[in-house]
Amino acid sequence: MAYEFTKEDLKEIEKIKAKFPEVMPATLPVLWVAQKRFGHVEPEVQKLVAKTLDLPEAHVHGVATFYTQYYKEEKGKFVLDVCTCLSCQLCGGYDILHYLEKKLGIKTGNTTEDGMFTLNQVECLGACGYAPMLQVTNDKYVNHLTPEKVDKLLDDLKEGKEPEYEKIGMPRRKNI
Amino acid sequence: MSTADWKNYEPVIIPDIKDLDKIDVYVKNGGYKALESILKDKKKWADPKSVINEVKEANIRGRGGAGFNAGLKWSFMPPADGGPRYLACNGDESEPGTFKDRKIFEYNPHIFIEGALIAAYAMEITTIYVYIRGEYKAYIDMMEKAIADAYEKGYIGKNILGSGYSVDFYVTYGAGAYICGEETSMLESLEGKRGYPRVKPPFPAQKGLWGRPTTINNIETLAHVPSVINRGAEWFKSVGAENHPGAFLYGISGHVKRPGVYELPSGVPVLELINDVAGGMRNGKKLKAVIPGGSSTPVLRADQLDEITMDSDSLRTVGSMVGTAGMVIMDEDTDMVDVLWRIAHFYHHESCGQCTPCREGTGWLEKILLKIKNGEGEVKDLDLLLDLTTQMEGRTICALADAAAWPVRYTINRFRDEFEARCKKKVHVIA
Ligand SMILES: Cc1cc2nc3c(=O)[nH]c(=O)nc-3n(C[C@H](O)[C@H](O)[C@H](O)COP(=O)(O)O)c2cc1C
Ligand code: SF4
Ligand code: FES
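A. Representation of the overall build of chain B in the model. Summing up its helical and strand segments, chain B has 18 helices and 11 strands in all. Over its C-alpha atoms chain B spans a radius of gyration of 22 Å, differing by no more than 12% from the 22 Å that the globule rule assigns to 431 residues. With the principal axes as the frame, chain B shows a C-alpha extent of 75 × 45 × 35 Å. Within chain B, the fraction of its 431 residues that count as buried is 64%. Working note: accessible area of chain B is about 15700 Å², and carbon and sulfur atoms make up 52% of it. Side chains of chain B give 53 positive and 58 negative charges; the mean places of these two sets differ by 2 Å.

Quick look at the structure:
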């Protein structure tokens, strides 16, 4: 399939380039633009990014493969990144991961047959105080997970309802 | 204020003010006064150097983990030569146990922006980048908005507040890589490359972004700057511990009742933070261990914590560090072998692979710990692990190898019985 950026994408790319004195720094943000447009940055998309920025394909490929958030192949409609790192491990992150494996009938790292969900375990997402938690497709964090909350999340996602941003209030000083 | 009455401290960075993230609310509460003062009050601030001196005197020790005096770091910038100079603000926040800078992005982005602008003026910098980890999409959007608002009100851009000083301020972000929190790796990433840390020297103050003088500071470090300008270095030094002054954003996670981020003076006793601030241990369990400042800082046993306070001097006496003040609290049911294996897995996963001792060392640490975790280890494996840590430390381009080695060495030394017991047993009972 031939990938093309839309006019809006190209406009955004021009804005990105204006932030920097050179073109190369646009590599990461333009890979993000591409991933937003196509859902992944498989090699053909990397080629498009290289061509658009007039940078070597090898450079774009090197960058795309260094960073974990770029999808180098097609993923499920929703990617569930469950944190199992230090604080999440202590607070049941693995239980949530295993619950999801059972519920979705797949092993970590795989995608469900209907193409709806990809399940991953990831390193610390900077939400350690709200463990266990996961991130949905590089976007919203879902914190304080329980099996019930996971059930609800999956039901909502199947209906196309994406989670809202969870604002976590500041701990009140009068508690101290 | 001495450390003893820490309970009376009034938060400055994340105070309990509604909608403080909105620029009008921030300004109404005294925001951007410090910036205005250094730009316009020539009696008080004769030149940029005078700002650096005040910040140096305050001794804001870097909140990114290394604890270096911010003002002193600023003074390393070479004299301006008319070419571009950069401030790169480190919002990568990826050290396990650390989740504090996001509170600034969310609740008080302008105090950070104001701090960065003051820093830029002091070092005669022309362009500021803030680099935020890619996973923080929500906070990237919030920062974009806050910066656009500050441009609109004339706090950023050309001829700020009619002072003749101009600076640009851009949001950039990563795409998932812990190593990009290391300052020179962050510069590589900002330049659009793989995040391979650079060999130092040359230091970023000499050759940073695009070979030009660059200073790197953590988000929280910069957020402390406006209050130093408003209230003076003496005030800042009067808060908290003598050699590590000012407030910390303590991020408390793990087995406590009220995890969260708390702004309090440095030097609060560890046990009071756990019991009074974070509400004590969950489910009536007993405290077993504390990692005081992110996963790389050496773990402490509960029996080491009497009288220990959260500052570098006190923690040094028991062999640990403040790091990011991201405290991970573990109860009596915690399996230290599992915890250490998971930490080793993290560092192995995140090693960029440039240096052999780090690339291979972190891999071996993880592999041997997995073997022990699975009940297949031998006691001599523990000594092999300790030997490995000494082979990794201080032999690499960046400090990730050290960060991976410390937890292994100190967790084994401080919980040796638990590790030996696991070695002898053949069956691993999962808690
Ligand atoms: C492996 C590694 C990861 C780091 N990650 C971060 C980070 O996520 N955020 C941060 O502010 N500093 C991080 N640092 C420290 C930075 O290199 C640097 O010292 C710091 O940003 C300087 O700012 P400060 O002096 O204000 O603390 C890391 C260092 C290493 C070695
Ligand atoms: S120490 Fe590790 S992370 Fe740092 S540069 Fe070397 S290989 Fe990369
Ligand atoms: S350990 Fe899971 S968010 Fe930090």
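B. Structural view of the environment of Glu234 of chain B. Residues and elements named next belong to chain B. Residue position: Glu234 is located in helix α11 (residues 233–238). Overall, Glu234 belongs to the exposed group, its relative accessible area being 54%. Each C-alpha atom, one on Glu234 and one on Ala58, is 6.7 Å from the other, the two residues being 176 residues apart in sequence.

C. Molecular detail of the pairing of strand β1 (residues 78–83) of chain A. Residues and elements named next belong to chain A. Most of β1 sits inside the fold, with six of its six residues counted as buried. Every second residue of β1 is oriented toward a common face, with Phe78, Leu80 and Val82 on one face and Val79, Asp81 and Cys83 on the other, all of them buried. Here six bridges tie β1 to strand β2 (residues 117–122), and the two strands are oriented parallel to one another. Within the sheet, the bridge partner assigned to Cys83 lies in β2 and is Val122. Pairing of β1 with strand β3 (residues 134–136), which is carried by three bridges, proceeds in the antiparallel orientation. Each residue of the ladder has a partner; that of Val82, found in β3, is Leu134.

D. How the structure looks around the site of ligand 1. Residues and elements named next belong to chain B. Around ligand 1 sit 18 residues in total, of which Gly64, Lys73, Asn90, Asn218 and Thr221 are the nearest. At 2.9 Å from an oxygen atom of ligand 1 is found a side-chain nitrogen or oxygen belonging to Lys73. Between ligand 1 and Asn90, the relevant distance is 2.9 Å, taken from an oxygen atom to a side-chain nitrogen or oxygen of the residue. It is strand β4 (residues 214–218) that contributes the most residues to the shell around ligand 1, three residues altogether. Each residue belonging to the shell around ligand 1 can be placed in one class, and the counts come to four nonpolar, eight polar and six charged.

E. Broad picture of the domain arrangement of chain B. Residues and elements named next belong to chain B. Under the domain assignment used here, chain B contains domain 1 (7–236), domain 2 (239–331) and domain 3 (336–422). Of the residues lining the interface, 12 residues belong to domain 1; the matching set on domain 3 comes to eight residues. Between domain 1 and domain 3, roughly 830 Å² of surface is buried when both sides are summed, and carbon and sulfur atoms account for 72% of that area. One can count zero salt bridges joining domain 1 with domain 3. For the pair domain 1 and domain 3, the number of links is two residue pairs in polar contact (both at pLDDT 80 or more). The residue inventory of the side of domain 1 that touches domain 3, partitioned by class, reads seven nonpolar, two polar and three charged.

F. Expanded view of the layout of surface pockets. Looking at the second largest pocket, its volume works out to about 1100 Å³. Only α1 (7–17) and α2 (27–38) of chain A together with α7 (137–152) and β3 (168–173) of chain B provide two or more residues apiece to the lining of the second largest pocket. Tallied by class, the residues present in the lining of the second largest pocket amount to 17 nonpolar, eight polar and 12 charged.

G. Broad picture of helix α6 (residues 93–104) of chain A. The terminal C-alpha atoms of α6 of chain A, which comprises 12 residues, lie 16 Å apart, in line with the 16 Å expected from a rise of 1.5 Å per residue. In this structure, the buried residues of α6 of chain A make contact with β1, α5 (86–90), β2, β3 and α7 (147–158) of chain A together with α14 (336–350) of chain B. Directly beyond the C-terminal end of α6 of chain A, a positive phi value near 65° is found at Gly105 of chain A.

H. Spotlight on the interface of chain B and chain A. If you look at the interface, chain B gives 78 residues, while chain A gives 51 residues. Summed over both partners, the interface of chain B with chain A comes to about 4900 Å²; 57% of that surface belongs to carbon and sulfur atoms. The largest contributions to the chain B side of the interface with chain A come from Ala175, Arg194 and Arg342 of chain B, which together make up 14% of the buried area. Summed over the shared surface of chain B and chain A, the result is two salt bridges.

So, how was this worked out
Residues numbered from 1 in each chain as written. Chains lettered and ligands numbered in written order. Predicted model: local features only at pLDDT ≥ 70, side-chain atom pairs only at ≥ 80, totals over all residues. Heavy atoms only, no water. Helix = DSSP H or I, 4+ residues; strand = E, 2+ residues; numbered from the N terminus. Rg over C-alpha atoms; globule rule 2.2 N^0.38 Å. Buried < 20%, exposed > 50% of the residue type's maximum accessible area, 1.4 Å probe, protein only. Areas by Shrake-Rupley, 256 points an atom, 1.4 Å probe, with all protein chains shown as cover. Lys, Arg positive; Asp, Glu negative; His and termini not counted. Charge placed at Lys NZ, Arg CZ, Asp CG, Glu CD. Pairing = 2+ DSSP bridges. Near = heavy atom within 4 Å. Polar contact = N/O pair within 3.5 Å; in protein donor to acceptor, adjacent residues only side chain to side chain. Nonpolar A, V, L, I, M, F, W, Y, C, P; charged D, E, K, R; others polar. Domains from an automatic or database assignment. Contact = heavy atoms within 4.5 Å. Buried area = accessible area lost by both parts, 1.4 Å probe. Salt bridge = Lys/Arg side-chain N within 4 Å of Asp/Glu carboxyl O. 1 Å grid on protein atoms, 1.4 Å probe; cavity = no way out; pocket = protein on both sides within 12 Å on 5 of 7 lines; lining within 4 Å. Points joined across faces, edges and corners; volume = space filled by probe spheres on them. Expected span 1.5 Å × (residues − 1).

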